[in-house]
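Commentary on secondary and tertiary structure
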Amino acid sequence: MADAAVNSYELDLRAIQFTLYEHLQVQQLFDHPHYSHLSREECDAVIAQCAKFATQVTGPLNGPGDRAGCRFENGTVTTPDGFRQAWKTLFELGLMSFAMPTESGGFGGPHAVECVLQEIQSGANTAFNMYPGLTHGAADMLFHCGTQAQKDLFLPHMLSGRFSGTMCLSEPHAGSDVGAAKTRAKHVDGEIYEITGQKCWISAGDHDLTENIVHMVLARIDGAPAGTKGLSLFIVPKVWVKPDGSLGKPNDVQTGSIEHKMGIKASATAVLNFGENGACRGLLMGGVPNQGIKQMFRMMNSARIAVGIQGIGVAATAYLNALGYARERLQGSAAKNFKDPNAPRVAIIEHADVRRMLLEMKAKVEGMRTLAVKLALHNDLHECLKDVDAGKAARHRGQVDLLTPIVKSYCSDQAFRIAELAIQTYGGAGYVQDNPVEQYCRDAKILSIYEGTNHIQAADLIARKLQANGGEDFRLFLEEIETFVARHEKTPGIQAEVTALGVAVDALKRAAAALMEFFMSGKVDQVMLNANDFLAVMADVTIAHLLLEAAVVAETKRGSDHDDQSQEEFDFYAGKVAAAKFFVNHVLPMVHARVATITAGDRSALDVHDRGFSTAV
Ligand SMILES: Cc1cc2nc3c(=O)[nH]c(=O)nc-3n(C[C@H](O)[C@H](O)[C@H](O)COP(=O)(O)OP(=O)(O)OC[C@H]3O[C@@H](n4cnc5c(N)ncnc54)[C@H](O)[C@@H]3O)c2cc1C
């Protein structure tokens, strides 16, 4: 078993810098008044500090935390050794407040940089990062939706790390179907309500890291309409807070149990009982009833993006660990010497199939990172422009909305697959706990399930996002890729790949048209049957575009600067081009199989009788 103090987290700061500054030009933000209080140097310093925190503090706690898990004894939850100190250090470093608005006491940093900070922290210790991640989301929602008095009471303590936050939607019978929630709220006085009900699977629902936990709870006020429209949002602290910030009486929030899970074992996932003794009180968020789902969507949207970023973090460290192992593990001889039993043994990185796995992982990790940072950059540009050019700002907002389900689904699905590929790269050594990749694989599986399963994301993409703004967001998305194709279809070195991207975009359009046709002819079930395939097609096209764009940048750099360039830099840029070519030639062709599946309109899964699946159960 691995040494308890060993850090397994690996990161590639050079690749991150390329995405931020050479490819996506995030430094453009510092010219806008909204971000002019920051510079690239300051952001780089925060990234470096975050990397140090990840490799020296939370990274070494990842394996031991997985093995120890959280404990639930006598109604209280204990997190693994080292977590309390890590929490304290995180807040001392101010990393949590980087992207929070300055008016709330944060640094007001760009989401594009925050995206990288989150990738690093989630990659180092996915389970630990659940606690600050939820606190950040809850604090952000409170800042945007709470009354001034509510913010004054809780926000400074959440941003200082004294209190943490949660999101409480799920109930035993209401998972994907959030609108079926039965938790009730009865008016007591002013914005105070009595809360009764049970929430389950609540991440960071109970723990020993903070003095208090601020639960954000969806509940239905007596007499409110059924479904999501009748839900209101309540701020339900574990312990009441006095105006001077000191703690008052405990609220009636009891922890029923915590789950025993496949992964993220050091993240406490709790069953919470509100009002078992009839004494649980909550404050109506913003003082407005029946706005709960709208308010919660602020937290859910950022959590969906955050889950995608969790996936990138896990996938990136899985890939880099596999790469390190492949460089050292000697096994077999080079293929050209296959007839010579005395040929020298080679590192497995020399075998074609291992190179295939490594380049697939690299291409996907770097493509996903670029996608997430690009989404975040759209968010930042929206912030910069919303008061000066509403039309342009809205276009950036539209891209954030359109790309959110793709970031959530694609990056979470791929995280599991990349971690699995990392295990395959190791061989048997990947399947045992001496190496971290088996944990990465277990930790990554939840990402496609929580925050709305990946099918719910695909349904959201098709039913809402493609149609949003009269289809304008999707049209702009396609236009950007088609403009790239038109500009680069004769660019030497990647001509064939750019042409292939153009053909894939046409296929994507055909798939969208087919779904529309199914919808118009009343076959909604057929639309849903193909939703995941459609999302996968759109994601592959998006990633191929971004990787080719990166290849164009890399090609220019390695061409123009070669005289002064180190061999290492030259090879770095060459790796970018190779990753793009690999993705387009080995992954993008799957688009055509999926589009053929969608357009064929097969109904076997829909028409088969339930008994046809099996008569045994
Ligand atoms: C470790 C962990 C942490 C969690 N943290 C939180 C948290 O902090 N807060 C919180 O509120 N919840 C949390 N959850 C709950 C999580 O969000 C739900 O598990 C998730 O939304 C899915 O709900 P479910 O498990 O009830 O599955 P179900 O909704 O029962 O879904 C089961 C399957 O049916 C499919 N399905 C369901 N409805 C439809 C539909 N209408 N159309 C097509 N397919 C459908 C799903 O895609 C899935 O494949 C957590 C769960 C876990 C395991």
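Remember, predicted model here, so these are calculated numbers, not experimental data.

Regarding the overall build of the protein
Within the protein one finds 20 helices and twelve strands. In summary, the protein has a C-alpha radius of gyration of 25 Å against a globular reference of 25 Å for 617 residues, a match within 12%. Counting all 617 residues of the protein, 56% fall into the buried class. Summarising the internal contacts of the protein: among those between residues at least 6 apart in sequence, 75% fall at separations of at least 24.

Let's talk about the pattern of salt bridges
Counted under the stated rule, the structure contains 32 salt bridges. As a salt-bridge pair, Glu 22 and Arg 14 come within 2.9 Å of each other at their nearest N and O atoms. Look at Glu 22 and you get buried, because its relative accessible area is 14%. With a shortest N-O distance of 2.9 Å, Lys 576 and Glu 366 are connected by a salt bridge. With Lys 576 in helix H17 (residues 567-587) and Glu 366 in helix H8 (residues 352-385), this pair connects stretches of sequence that are 210 residues apart. In this pair, the class of Lys 576 matches that of Glu 366, namely buried. One continuous salt-bridge network, built from bridges that share partners, spans Arg 14, Glu 22, Lys 557 and Glu 569.

Examining the pairing of strand S4 (residues 184-189)
The pairing of S4 with strand S5 (residues 192-203) spans five bridges and is antiparallel. Bridge assignment links His 187 to a residue of S5, and that residue is Tyr 193. Hairpin remark: S4 followed by S5, antiparallel, with two residues in the connecting loop; positive phi at Gly 190, about 55°.

Thoughts on the site of the ligand
Around the ligand sit 17 residues, and of these Ser 170, Ser 176, Trp 201, Ser 203 and Thr 453 come closest. The side chain of Ser 170 places a nitrogen or oxygen atom 2.7 Å from a nitrogen atom of the ligand. Its free accessible area being 970 Å², the ligand has 62% of it covered by the protein chains. Top contributing element to the shell around the ligand by residue count: S5, with three residues. Partitioning the shell around the ligand into residue classes produces eight nonpolar, seven polar and two charged.

What to know about the packing of helix H9 (residues 390-426) against helix H13 (residues 472-488)
It is at 9 Å that the axes of H9 and H13 come closest, and there the two elements cross at 90°. Overall, the two elements H9 and H13 adopt an arrangement that is roughly perpendicular. Two secondary-structure elements touch here, H9 through Arg 395, Gly 398, Gln 399, Leu 402 and Leu 403 and H13 through Asp 473, Phe 474, Leu 476 and Phe 477. For the contact of H9 with H13, a count of residues per class yields five nonpolar, two polar and two charged.

Re a nonpolar patch on the surface
A cluster of nonpolar side chains, contributed by Met 516, Phe 519, Met 520 and Val 524, occupies part of the molecular surface with about 420 Å² of accessible area. Looking at the nonpolar patch, the element that brings in the most residues is helix H14 (residues 495-520), giving three residues. Inspection of the secondary structure assignment puts Val 524 in helix H15 (residues 524-529). Residue classification places Val 524 among the partly exposed positions, given a relative accessible area of 41%.

Regarding the nonpolar core
Grouped together as the largest cluster of nonpolar side chains are 201 residues, with contacts concentrated most on Phe 154, Met 216, Met 296, Phe 534 and Met 538. No other element matches helix H7 (residues 292-328), which puts 19 residues into this core. Apart from residues lying up to four places away in sequence, Phe 534 is in contact with Leu 461, Ile 462, Leu 466, Phe 474, Leu 508, Ala 511, Ala 512, Leu 515 and Ile 598.

A few points about the packing of aromatic side chains
Counted by the stated rule, this structure contains nine aromatic pairs. Their ring planes at 45° and their centres at 4.6 Å tell us that Trp 87 and Phe 91 sit as a pair that is tilted. Of this pair, Trp 87 and Phe 91 both sit in helix H3 (residues 83-93), separated by four residues, roughly a single helical turn. For the pair Trp 87 and Phe 91, a shared accessibility class is recorded, and that class is buried. One aromatic cluster is present, built from ring pairs that chain together Phe 18, Phe 572 and Tyr 573. Looking at Arg 14, its charged tip hangs above the ring of Phe 572, at a distance of 4.2 Å from the centre. Geometry around Tyr 21 places Arg 40 over its ring, the cationic atom sitting 3.7 Å from the centre.

Quick word on the side chain of Thr 166
Tracing the backbone through its elements, the reader meets Thr 166 in strand S3 (residues 163-168). Overall, the relative accessible area of 0% leaves Thr 166 in the buried class. Ignoring any residue separated from it by four or fewer positions in sequence, one finds Thr 166 in contact with Ala 138, Ile 202, Ser 203, Ala 204, Gly 205, Ile 213, Val 214, His 215, Met 216 and Met 299.

Quick notes on the environment of Tyr 573
Structurally, Tyr 573 can be placed in helix H17. Classification of Tyr 573 as buried rests on a relative accessible area of 4%. Sequence-distant contacts of Tyr 573, defined by excluding residues within four places in its chain, comprise Arg 14, Phe 18, Glu 22, Ala 554, Lys 557, Arg 558 and Gln 565.

Observations regarding the packing of helix H1 (residues 13-23) against H8
The geometry of H1 relative to H8 is characterised by a closest axis approach of 10 Å and an angle of 45° between their N-to-C directions. When the axis of H1 is compared with that of H8, the two are oblique. Our pair here, H1 against H8, has a crossing hand that is right-handed. Facing Ala 15, Ile 16, Thr 19, Leu 20 and His 23 of H1, the residues of H8 in contact are Glu 366, Arg 369, Thr 370 and Val 373. Here the residues of the contact of H1 with H8 are counted per class, giving four nonpolar, three polar and two charged.

Quick look at H14
For H14, built from 26 residues, the straight-helix expectation of 38 Å at 1.5 Å per residue is met to within 8% by its first-to-last C-alpha distance of 38 Å. Once H14 finishes, Gly 522 follows within two positions and takes phi at roughly 80°, a positive value.

Let's talk about the pairing of strand S6 (residues 212-221)
Successive residues of a regular strand alternate their side chains across the two faces of the sheet. Buried residues dominate S6, accounting for ten of its ten residues. As paired elements, S3 and S6 share six bridges and run parallel to each other. Opposite Ser 164, over in S6, you have Ile 213 as the bridge partner. With two bridges joining them, S4 and S6 adopt parallel strand pairing. From the neighbouring strand, Ala 185 faces S6, where its bridge partner is Ile 221. Relative to strand S7 (residues 231-237), S6 runs antiparallel, the two being bridged by seven bridges. Note on S7: the bridge partner recorded for Met 216 is Ile 235.

Rules used throughout
Residues numbered from 1 in each chain as written. Predicted model: local features only at pLDDT ≥ 70, side-chain atom pairs only at ≥ 80, totals over all residues. Heavy atoms only, no water. Helix = DSSP H or I, 4+ residues; strand = E, 2+ residues; numbered from the N terminus. Rg over C-alpha atoms; globule rule 2.2 N^0.38 Å. Buried < 20%, exposed > 50% of the residue type's maximum accessible area, 1.4 Å probe, protein only. Contact = heavy atoms within 4.5 Å. Salt bridge = Lys/Arg side-chain N within 4 Å of Asp/Glu carboxyl O. Pairing = 2+ DSSP bridges. Near = heavy atom within 4 Å. Polar contact = N/O pair within 3.5 Å; in protein donor to acceptor, adjacent residues only side chain to side chain. Areas by Shrake-Rupley, 256 points an atom, 1.4 Å probe, with all protein chains shown as cover. Nonpolar A, V, L, I, M, F, W, Y, C, P; charged D, E, K, R; others polar. Axes fitted to C-alpha atoms, helices over the stretch in contact; angles between N-to-C directions. Parallel < 35°, antiparallel > 145°, perpendicular 65-115°, else oblique. Patch = residues over 30% accessible without salt bridge, like charges linked within 9 Å, V, L, I, M, F, W, Y side chains within 5 Å. Core = buried A, V, L, I, M, F, W, Y, C linked by side-chain atoms within 4.5 Å. Phe/Tyr/Trp six-rings, centres within 6.5 Å; stacked < 30°, edge-to-face > 60°. Lys NZ or Arg CZ within 6 Å of the ring centre and 35° of its normal. Left-handed = near helix turned anticlockwise from the far one by under 90°. Expected span 1.5 Å × (residues − 1).

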